[in-house]
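# Structure assessment
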Amino acid sequence: MQNFAGKVAVITGAASGIGKGLAEKCVREGMRVVLADFEEQALQQTVTELRAFGEQAILPVIINVAKEDQVLDLASQTIAEFGAVDFLFNNAGVGVNKPIWEFTHADWEWVLSVNLWGVINGIHAFLPLMLKQEQGGHIINTSSVSGLTSAPYMAPYNITKHGIVTLSETLYIDLQVAGYKHIKVSVLCPGFVNTRAYDAERNRPAEWQNPSREIAPEEVQRYEMGRKALEGGMAPSEVADKTFAAIKDEKFYILTHPHFNPVIQMRMEDILLGRNPMSARPQGRPSN
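Residues numbered from 1 in each chain as written. Predicted model: local features only at pLDDT ≥ 70, side-chain atom pairs only at ≥ 80, totals over all residues. Heavy atoms only, no water.

### Concerning the pattern of salt bridges
Across all of its chains, the model carries 12 salt bridges by this definition. With a closest N to O distance of 3.2 Å, E29 and K25 form a salt bridge. Overall, the relative accessible area of 25% leaves E29 in the partly exposed class. Note that K98 and D107 form a salt bridge whose closest N and O atoms lie 2.8 Å from each other. (Salt bridge = Lys/Arg side-chain N within 4 Å of Asp/Glu carboxyl O. Buried < 20%, exposed > 50% of the residue type's maximum accessible area, 1.4 Å probe, protein only.)

### Section: the layout of surface pockets
Looking at the largest pocket, its volume works out to about 540 Å³. Together, 22 residues line the largest pocket, and V96, E201, R213, I215 and E219 are the ones closest to its centre. Considering every element that reaches the lining of the largest pocket, the biggest residue donor is helix 6 (residues 217–231), with four residues. Taken together, the residues of the lining of the largest pocket sort by class into nine nonpolar, five polar and eight charged. (1 Å grid on protein atoms, 1.4 Å probe; cavity = no way out; pocket = protein on both sides within 12 Å on 5 of 7 lines; lining within 4 Å. Points joined across faces, edges and corners; volume = space filled by probe spheres on them. Helix = DSSP H or I, 4+ residues; strand = E, 2+ residues; numbered from the N terminus. Nonpolar A, V, L, I, M, F, W, Y, C, P; charged D, E, K, R; others polar.)

### Some remarks on the packing of aromatic side chains
Per the stated rule, a full pass over the model turns up eight aromatic pairs. Considering the side-chain rings of F89 and F244, the 6.1 Å spacing of their centres and the 20° angle between planes classify their relative orientation as stacked. Remark: F244 occurs in helix 7 (residues 236–248) and F89 occurs in strand 4 (residues 87–90); sequence separation between them is 155 residues. The burial state of F89 is the same as that of F244; both residues are buried. Measuring from ring centre to ring centre gives 5.6 Å for F192 and F260, while their planes differ by 50°; the resulting arrangement is tilted. Residue F192 is found in the loop between strand 6 (183–188) and helix 6, and its partner F260 is found in the loop between strand 7 (253–254) and helix 8 (261–273); the two are separated by 68 residues along the sequence. Judged by relative accessible area, which is 23%, F192 ranks as partly exposed. A network of ring pairs unites the aromatic residues F4, F87, F89 and F244 as a single cluster. (Phe/Tyr/Trp six-rings, centres within 6.5 Å; stacked < 30°, edge-to-face > 60°.)

Quick look at the structure:
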């Protein structure tokens, strides 16, 4: 697809980070957009900023993508407002950073529910609508370099991002085998991006909260290192530009940070050559 004007895009996690960058790109392209996010105040601020570009067709929706009924309602609202959905950006994501043995059951449930079930729910709600449309549609699932490698201290995040890669690959293959060639699929795997991913706790629902406890100094240090790494990362707007360029070319894998490619290649070679994983290699970090 080369012309985006007038097309309808649904973006989850649209109030900040990569989602906000995608939203800004959609508006600049003259698209009609549905902005879905859990963080109400940030979503309202994003809508205000986007309307500064001019009179835009924008539908903001407060949503928890982990809840199937809410995502189904998002699809219904999209059709009621715009009559179609051309692009679905399953982008919402959260993360927690600590050794695998320190993760609580609530940590696991929160990250897997938002990151992986959020994408599953999005596909379940929107793909049937796209299949019925003559013009088809394009689904873009946000994974990460962490979906192609295995970074330390990020077990739930890594698992969800690996899951999103294989989910996207299987979706693509299933559609091809079934002959639905008018539905396109891409998986976005960015590296360091200047987002608030390390502040994801601000959006943790009460049902997945951990009991209050004293934060250890090493946790604070780990958090600050990660946050600073993201602050020096790629701008979300650049990720959005690269994503749209890949959409135009109908690319499936969207790798925005080519300097991570050798790390990805080494992991693949480890598997094929039977080598054990190496912890000393540079790895990805949360990007949403």
